[in-house]
Each structure stands twice: as C-alpha cells, then as structure tokens.
Amino acid sequence: MKTRKPKRIIGMTDLVDFPDLGLFDIQAKVDTGAFTSALHCKDVRLVKSRLKTKLSFWLIDKTGLPARKFRSDDFSQRMIRNSFGVAELRYVITTRIVLFGRTIRAEFTLADREQLKNPVLLGRKLLRNRFIVDVAEKNLSYEAKIARKVYAASTQPASD
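Residues numbered from 1 in each chain as written. Predicted model: local features only at pLDDT ≥ 70, side-chain atom pairs only at ≥ 80, totals over all residues. Heavy atoms only, no water.

### Observations regarding the overall build of the chain
Here is step 1 of the chain: Summing up its helical and strand segments, the chain has 2 helices and 10 strands in all.
Here is step 2 of the chain: Taken from the N to the C terminus, the helices and strands of the chain come in the order β-β-β-β-β-β-β-β-β-α-β-α.
Here is step 3 of the chain: Seen through its C-alpha atoms, the chain measures out along the principal axes to roughly 55 × 40 × 40 Å.
Here is step 4 of the chain: Per-residue burial for the chain yields a buried fraction of 36% across its 160 residues.
Here is step 5 of the chain: Of the contacts formed within the chain by residues at least 6 apart in sequence, a portion of 56% connects residues at least 24 apart.
Here is step 6 of the chain: When the accessible surface of the chain is summed, it comes to about 10,300 Å², and 52% of that surface belongs to carbon and sulfur atoms.
Here is step 7 of the chain: Of the side-chain charges in the chain, 32 are positive and 17 negative, and the distance between the mean point of each set is 7 Å. (Helix = DSSP H or I, 4+ residues; strand = E, 2+ residues; numbered from the N terminus. Buried < 20%, exposed > 50% of the residue type's maximum accessible area, 1.4 Å probe, protein only. Contact = heavy atoms within 4.5 Å. Areas by Shrake-Rupley, 256 points an atom, 1.4 Å probe, with all protein chains shown as cover. Lys, Arg positive; Asp, Glu negative; His and termini not counted. Charge placed at Lys NZ, Arg CZ, Asp CG, Glu CD.)

Structure follows, in structure tokens:
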C-alpha cells in the first residue's frame, strides 16, 4: 500500500518560487474555485522557426524587476473558463514551483493578470492531495523557508 505524504496547511496567499523561471518570492493567491493554476505574463505568441514552433512570452513578477522574455517548446493549449464564466483559449506550460521546501511540477496557464493583485493563482489541481487551505493564514510556506534559512545559518560552524 502506498503511503501518502501528510497534507500541509497553506494560507490564502503565499510567496512562492519558480526556479525554472528564475522567479522567487512571488505573491500567489490560493483559489479553490480555479481548477488550473495561472501565471501572469504578457505578449504570449507562437514563434515559428525552421525546426520547431515555440511559445514566446514575457513574465512580469510585479516586484519591480524588469519583465523577462521566455521561450518554451513544451506547451499546450486549453479552453479555460475564467471567473466570469467566459471560456477562452489559453496556452499552458509545465514548470516547477517550490512550496514548503517541496518542488512540485505543475501546469500553469499563461494569462494577463495585470488588473489583479496577485500575479500567480494556485488552483485545485496543484493543491489536491497536498494542501489544506486555511483562509485565516498567509505566507506559511514563505515563513517556513525563512525559518529553514535561519536554522541553516545558525548551525554553520564559525569561520576564523
């Protein structure tokens, strides 16, 4: 019988890392009403070369850092119903996200979230069987990350 990892409590918002994209401490909102997770970006387009078609997009992390251009040849398209019930065709990428020190490969739709407070939305597909949501809490993964860094620093031997 396969044993499951215990579920962690995650708050309504958190600061998350995307190591593959070079994005760290990015504000994310947990949304149990959304099935798929979403990542804020602009200028999403297909770029055709002789060999392959790649997806090009600019990631904007809302921390004041300049937008950065990415290209991926590992993507798909899917119809996604937004919070207003309107279906739209979106590109989907798979990337790694780090929560509570755990690296998770997950799908993210690429969406313009400029008008929204949080550049990242964490949906049910990512949350399922991993987390329990406590809407009274926030930044629990980020606080655990800081605590791990403080602990690691305090256990380092002093150098002369």
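Moving on from the model shown.
### Some details on the nonpolar core
Here is step 1 of the chain: Ranked by size, the top nonpolar core spans 30 residues in total, and within it Phe 18, Leu 39, Ile 97, Leu 99, Phe 108, Leu 122 and Leu 126 carry the most contacts.
Here is step 2 of the chain: Excluding residues within four positions of it along the chain, Leu 99 makes contact with Ile 10, Val 16, Ile 104, Leu 122, Leu 126, Phe 131 and Ser 141. (Core = buried A, V, L, I, M, F, W, Y, C linked by side-chain atoms within 4.5 Å.)

### Quick look at the environment of Ala 111
Here is step 1 of the chain: Summarising the element assignment, Ala 111 is placed in strand 8 (residues 102-111).
Here is step 2 of the chain: Relative accessible area serves as the criterion here: at 11%, Ala 111 is assigned to the buried category.
Here is step 3 of the chain: Along the backbone, Ala 111 and Leu 55 are 56 residues apart, and their C-alpha atoms lie at a distance of 13 Å.
Here is step 4 of the chain: Apart from residues no more than four positions distant in its own chain, Ala 111 is found in contact with Leu 39, His 40, Cys 41 and Arg 90.

### Notes on helix 2 (residues 140-154)
Here is step 1 of the chain: Relative to the 21 Å expected for 15 residues at 1.5 Å per residue, helix 2 spans 21 Å between its end C-alpha atoms, a close match to the ideal helical length.
Here is step 2 of the chain: Burial in helix 2 covers these residues: Leu 140, Ser 141, Ala 144 and Lys 145. Down the axis, helix 2 shows its buried residues gathered within 140° of arc, on one side only. Seen from the open side of helix 2, the exposed residues pointing more than 90 degrees away from its buried face are Lys 149, Val 150, Ala 153 and Ser 154.
Here is step 3 of the chain: The elements touched by buried residues of helix 2 are strand 1 (8-18), strand 2 (23-30), strand 7 (87-99) and strand 10 (131-138). (Expected span 1.5 Å × (residues − 1). Arc of directions from axis to C-beta.)

### Things to note about the pattern of salt bridges
Where charged atoms from two side chains of opposite charge come close, those side chains can pair.
Here is step 1 of the chain: Tallied over the entire structure, the rule returns 8 salt bridges.
Here is step 2 of the chain: Here Lys 145 makes a salt bridge to Asp 17, at a shortest N to O gap of 2.9 Å. Here Lys 145 is found in helix 2, whereas its partner Asp 17 is found in strand 1, with 128 residues between them in sequence. Each member of the pair, Lys 145 as well as Asp 17, carries the same accessibility label: buried.
Here is step 3 of the chain: Residues Lys 145 and Asp 25 are paired through a salt bridge, measuring 2.6 Å at the closest nitrogen-oxygen approach. Placement of Lys 145 in helix 2 and of Asp 25 in strand 2 is noted, with a sequence separation of 120 residues between them.
Here is step 4 of the chain: We classify Lys 145 as buried; its relative accessible area is 14%.
Here is step 5 of the chain: Here the salt bridges share partners, and the residues they tie into one network are Asp 17, Asp 25 and Lys 145. (Salt bridge = Lys/Arg side-chain N within 4 Å of Asp/Glu carboxyl O.)

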